[in-house]
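Here is how the chains run, residue by residue.
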Amino acid sequence: QVQLVESGGGLVQAGGSLRLSCAASGRTFGNFGMAWFRQGAGKEREFVAAVRWGSGTTYYADSVKGRFTISRDNANNTVHLQMNTLKPEDTAVYYCAAASRPFAIATTAVSYNGWGQGTQVTVSS
């Protein structure tokens, strides 16, 4: 089974930037893709960005397109999320996810079966 550890969260002003990282360990040979989800206070978990490991194909939620970039480090089984032009509505706990099996839809949580503990991102106005 894969283990995931997120890092890089923190407090920034609106318009600022943060870079999140997620390192995978364990049975990483079964890595078919990794993704980021987030959950704001009193809100449901929502998709943010994803990357298919083999092809490198990326996916983004409409709310973050043009501002966030997901990238992969194949050698270290690590995924990053560069977040620019942050807005107060980006405030949430960000969770890293990994898929150990092939999946059809990259933007839904049920495609992933490994999850990190989450890292807090707070954007002040």
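Residues numbered from 1 in each chain as written. Predicted model: local features only at pLDDT ≥ 70, side-chain atom pairs only at ≥ 80, totals over all residues. Heavy atoms only, no water.

This part is about the state of the cysteines. By the definition in use, this model includes one disulfide. Across the disulfide, Cys22 is cross-linked to Cys96 (sulfur-sulfur distance 2.1 Å). Residues Cys22 and Cys96 are joined by a disulfide whose S-S torsion is about -85°; by sign, that bridge is left-handed. Taken as a pair, Cys22 in strand β3 (residues 18-26) and Cys96 in strand β9 (residues 92-99) lie far apart in primary sequence, 74 residues in all. (Disulfide = S-S within 2.5 Å. Helix = DSSP H or I, 4+ residues; strand = E, 2+ residues; numbered from the N terminus.)

Our focus in this paragraph is the side chain of Arg38. Inspection of the secondary structure puts Arg38 in strand β4 (residues 33-39). The class for Arg38 is buried, based on a relative accessible area of 5%. Looking at Arg38, its side chain comes within polar contact range of the side chain of Tyr94, at 2.9 Å. Not counting residues up to four positions away in its chain, the partners in contact with Arg38 are Glu44, Arg45, Glu46, Val48, Ser63, Val64, Phe68, Glu89, Asp90, Ala92, Val93 and Tyr94. (Buried < 20%, exposed > 50% of the residue type's maximum accessible area, 1.4 Å probe, protein only. Polar contact = N/O pair within 3.5 Å; in protein donor to acceptor, adjacent residues only side chain to side chain. Contact = heavy atoms within 4.5 Å.)

We now examine the nonpolar core. If you look at the biggest cluster of nonpolar residues, it comprises 37 residues, and the most contacted ones within it are Met34, Trp36, Leu81, Met83, Tyr94 and Tyr112. Among the secondary structure elements, those contributing two or more residues to this core are β1 (2-7), β3, β4, β5 (46-52), β7 (68-73), β8 (78-83), β9 and β11 (119-124). A per-element tally of this core places β9 first, with six residues. (Core = buried A, V, L, I, M, F, W, Y, C linked by side-chain atoms within 4.5 Å.)

The next subject is the sheet that holds β7. The sheet built from four strands is open, its strands ordered β1-β3-β8-β7 with antiparallel pairing. The sheet is open, and its two edges are formed by β1 and β7, each paired on a single side. In this sheet, neighbouring strand axes are inclined to one another by 15° on average, regardless of whether the strands run parallel or antiparallel. Relative to β8, β7 runs antiparallel, the two sharing six bridges. What sits directly across from Arg72, in β8, is Val79. (Pairing = 2+ DSSP bridges. Axes fitted to C-alpha atoms, helices over the stretch in contact; angles between N-to-C directions.)

Checked against the element boundaries, Arg52 lands in strand β5. Among the polar contacts listed, one links the side chain of Arg52 to the side chain of Tyr59, at a separation of 2.9 Å. Within the structure, the side chain of Arg52 is placed 3.0 Å from the backbone oxygen of Phe103, a separation counted as a polar contact. Ignoring sequence-local partners within four residues, the contact set of Arg52 consists of Phe32, Gly33, Thr57, Tyr59, Arg72, Phe103, Ala104, Ile105 and Ala106.

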